[in-house]
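Structure at a glance
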Amino acid sequence: MRLIKAAIALITLTASAHAVEQNIAPVIVPIDTAPIEAPPLPRPKPSFVIGDSPAALISAFRQQHGEGSVAISEALTRIAQEQANAMAGRDLLDHNALAPFSSRISRSRFNRAAENIAYGHADFASTLNQWTISAAHRANLLLHGAKWIGIAHAQNGHRMYWAMVIGGK
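For every chain, the first residue of the written sequence is number 1, and numbering continues from 1 onward in sequence order. For this predicted model, a pLDDT threshold of at least 70 governs which residues receive local features, and a threshold of 80 or more governs which side-chain atom pairs are given and counted, while totals over whole chains, interfaces and linings are taken from all residues. Only heavy atoms go into the side-chain values, all of them from the structure, while hydrogens and water stay out.

Attention now moves to the side chain of Glu 67. Elements are defined by DSSP. Helices are runs of H or I of four residues or more, strands are runs of E of two residues or more, and each kind is numbered from the N terminus. Topologically, Glu 67 is positioned in the loop between helix 2 (54-64) and strand 1 (71-72). Under the rule applied, a polar contact is a pair of N or O atoms within 3.5 Å (in protein, one hydrogen donor and one hydrogen acceptor; residues adjacent in sequence only if both atoms are side-chain atoms). Within the structure, Glu 67 has its side chain in polar contact with the side chain of His 144 (distance 3.2 Å). The contact partners of Glu 67, leaving out residues within four places of it in the chain, are Arg 62, Leu 142, Leu 143, His 144 and Gly 145. Working rule for contacts: check all heavy atoms of both residues, and any pair within 4.5 Å makes them a contact.

Bringing the pattern of salt bridges into the picture now. Salt bridge, as used here, is a side-chain nitrogen of Lys or Arg placed within 4 Å of a carboxyl oxygen of Asp or Glu. Tallied over the entire structure, the rule returns 4 salt bridges. Measuring nitrogen to oxygen at the nearest pair gives 3.8 Å for the salt bridge that ties Glu 67 to Arg 62. Neither residue differs from the other here; Glu 67 and Arg 62 are each classed as buried. The partner of Asp 91 in a salt bridge is Arg 159, and the shortest N-O contact between them spans 2.9 Å. Here the residue Asp 91 occupies a position in the loop between helix 3 (74-90) and helix 4 (101-106), and Arg 159 occupies one in the loop between strand 3 (148-155) and strand 4 (160-168), the gap between them amounting to 68 residues. Relative accessibility decides the category of a residue: with a 1.4 Å probe and only protein chains considered, values under 20% of the type maximum give buried, values over 50% give exposed, and everything between is partly exposed.

Since the α-helix turns once every 3.6 residues, residues separated by three or four places project in the same direction. For helix 5 (residues 124-132), the complete set of buried residues consists of Phe 124, Thr 127, Leu 128, Trp 131 and Thr 132. For helix 5, the buried positions fall inside an angular range of 140° around the axis, keeping them on one side. The inward-facing, buried residues of helix 5 contact helix 2, strand 2 (112-119), helix 6 (135-141), strand 3 and strand 4. Between the side-chain oxygen at the start of helix 5 and the backbone nitrogen of Ala 125 there is a gap of 3.4 Å, and the oxygen is on Asp 123. The directions from the helix axis to the C-beta atoms are what the arc is built from.

Looking now at the packing of helix 2 against helix 5. If you want to describe how two helices pack, look at the angle between their axes and the distance between the axes. Viewed as axis vectors pointing N to C, helix 2 and helix 5 meet at an angle of 30°, and their least axial separation amounts to 10 Å. The pairing of helix 2 with helix 5 is recorded here as roughly parallel in orientation. For helix 2 against helix 5, the interelement crossing comes out right-handed. Contact residues: Pro 54, Leu 57, Ile 58 and Phe 61 in helix 2; Phe 124, Ala 125, Leu 128 and Thr 132 in helix 5. Of the residues in the contact of helix 2 with helix 5, the class split is 7 nonpolar, 1 polar and no charged. Every angle, taken between N-to-C directions, lies between 0 and 180 degrees, and every axis is a line fitted to C-alpha atoms, over only the stretch in contact when it is a helix. Oblique is the label for any angle not covered by the other classes, which are roughly parallel (under 35 degrees), roughly antiparallel (over 145) and roughly perpendicular (65 to 115). What makes a crossing left-handed is the near helix being turned counterclockwise from the far one by less than a right angle; a clockwise turn instead makes it right-handed. For this classification, the nonpolar set comprises Ala, Val, Leu, Ile, Met, Phe, Trp, Tyr, Cys and Pro, the charged set comprises Asp, Glu, Lys and Arg, and every other residue, Gly included, is treated as polar.

So, on to the environment of Ala 60. On the secondary structure map, Ala 60 appears in helix 2. The class for Ala 60 is partly exposed, based on a relative accessible area of 36%. Remark: the alpha-carbon pair of Ala 60 and Val 70, spanning 10 residues in sequence, is separated by 9.3 Å.

Any link to function would need more than the numbers given here.
Next up, the structure:
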């Protein structure tokens, strides 16, 4: 500990001398010698911080498996939200809860697309984890040539429903 304090003092003196030569006011940082008794605990992260956005999480997964990243599409998000709302409203996990996926995606400009649905998890990261361990959902996440995604969720009195649409042109 003495060696560390001596090194910090030497650095501070050197920086102060250099600052005087450059006509700059030195910044002196006091060395606190009191031990930290109770360091603050880390705060929990919110579920959708920028680094953990659905697009970032899916892109990271895709990149780990040799596919390109994806960005949020308003059109695909709208399709996903309509599906999530329909499933929550009917309390039914079904790709056809609103209409067949092929007819819902045909209104968009995407010629390649896939859909994943789920229910039960309160956050997207847990839902994504569920999809990555299912072969069919995993294949959709890794849709070759996909550039865009739409993610949505809706909750009823029983559960949270999730829908993801991934597509490319």
